[in-house]
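Examining the three-dimensional arrangement
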Amino acid sequence: QVQLVESGGGLVQPGGSLRLSCAASGFILADYAINWFRQAPGKEREGVSCVSSSNGSRYYADSVKGRFTISRDNAKNTVYLQMNSLKPEDTAVYYCAAEVLRCSHWPSYYGMHYWGSGTLVTVSS
C-alpha cells in the first residue's frame, strides 16, 4: 500500500512553534519531491512549501518565508516542516503530497501522485 501520513499538528499560541512530519510507506520517498499544502476554513488550498527529491531546491509561500523550514531525511522516508513564529492565520489543515523528483508544479496542487489525509494546526491564544 502507498501511504503518506502527517503528524505533529495541534494547538499552539501565537509566536509558538510546531514541527510537522510526513512519513511515506509503500514507495521510495527519495524519488519524489514533497509539498506541503494547507487549507483554512472557507479558503482555497494554498501551497506552503516544497522540497525536491535531492533536497537541492526548496520553495516557500511568501506568507511563511523566514518562519517555516522544510527538510527531509530520505533514510527515514520522512519530510518535516518546522513552523516558527506562528500566527493565527496559519491555522489550517496541513497536507503533504508527492510529485516525481522536482517541484515542477509549485505552487499548484495539480500533478501530485500521492496525498496524506492532513493534520490540523490551530494557532490561538
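Here goes a summary of the coordinates provided.

1. Re the pattern of salt bridges
Tallied over the full model, the rule gives four salt bridges. Its salt-bridge partner being Arg38, residue Glu46 comes within 2.9 Å of it at the nearest N-O pair. A relative accessible area of 5% means that Arg38 is categorised as buried. We note a salt bridge from Asp90 to Arg67, for which the minimum N-O separation is 2.8 Å. Of this pair, Asp90 sits in the loop between β8 (78–83) and β9 (92–100) while Arg67 sits in the loop between β6 (58–60) and β7 (68–73), and the two are 23 residues apart along the sequence. In this structure, Asp90 and Arg67 share a single accessibility class: buried. The structure contains a network of salt bridges with shared partners spanning Arg38, Glu46, Arg67 and Asp90.

2. Focus: the state of the cysteines
Counted by the stated rule, this structure contains two disulfides. Two residues, Cys22 and Cys96, share a disulfide whose sulfurs are 2.1 Å apart. Because the torsion about its S-S bond is 75°, the bridge between Cys22 and Cys96 counts as right-handed. Here Cys22 is found in strand β3 (residues 18–25), whereas its partner Cys96 is found in strand β9, with 74 residues between them in sequence. For Cys22, a relative accessible area of 0% puts it in the buried group.

3. With respect to unusual backbone geometry
That bond from Trp106 to Pro107 is cis: its omega, 0°, falls within 30 degrees of zero. Note that Pro107 resides in the loop between β9 and β10 (114–115). Even without glycine at this site, Asn77 takes up a positive phi of about 55°. In the Ramachandran plot, Ser85 falls in the positive-phi region, its phi being about 50° despite a non-glycine side chain. Inspection of the secondary structure puts Ser85 in the loop between β8 and β9. With a relative accessible area of 41%, Ser85 lands in the partly exposed category.

4. Examining the sheet that holds strand β1 (residues 3–7)
Reading across the sheet, the four strands line up as β1-β3-β8-β7 and stay open at both edges, with antiparallel pairing between neighbours. Where the open sheet ends on each side, the last strands, each with one partner, are β1 and β7. In this sheet, adjacent strand axes meet at a mean angle of 15° when their direction is disregarded. Across six bridges, β7 lies against β8 in antiparallel orientation. Bridge pairing links Ile70 to Leu81 in β8.

Parameters and conventions
Residues numbered from 1 in each chain as written. Predicted model: local features only at pLDDT ≥ 70, side-chain atom pairs only at ≥ 80, totals over all residues. Heavy atoms only, no water. Salt bridge = Lys/Arg side-chain N within 4 Å of Asp/Glu carboxyl O. Buried < 20%, exposed > 50% of the residue type's maximum accessible area, 1.4 Å probe, protein only. Helix = DSSP H or I, 4+ residues; strand = E, 2+ residues; numbered from the N terminus. Disulfide = S-S within 2.5 Å. Pairing = 2+ DSSP bridges. Axes fitted to C-alpha atoms, helices over the stretch in contact; angles between N-to-C directions.

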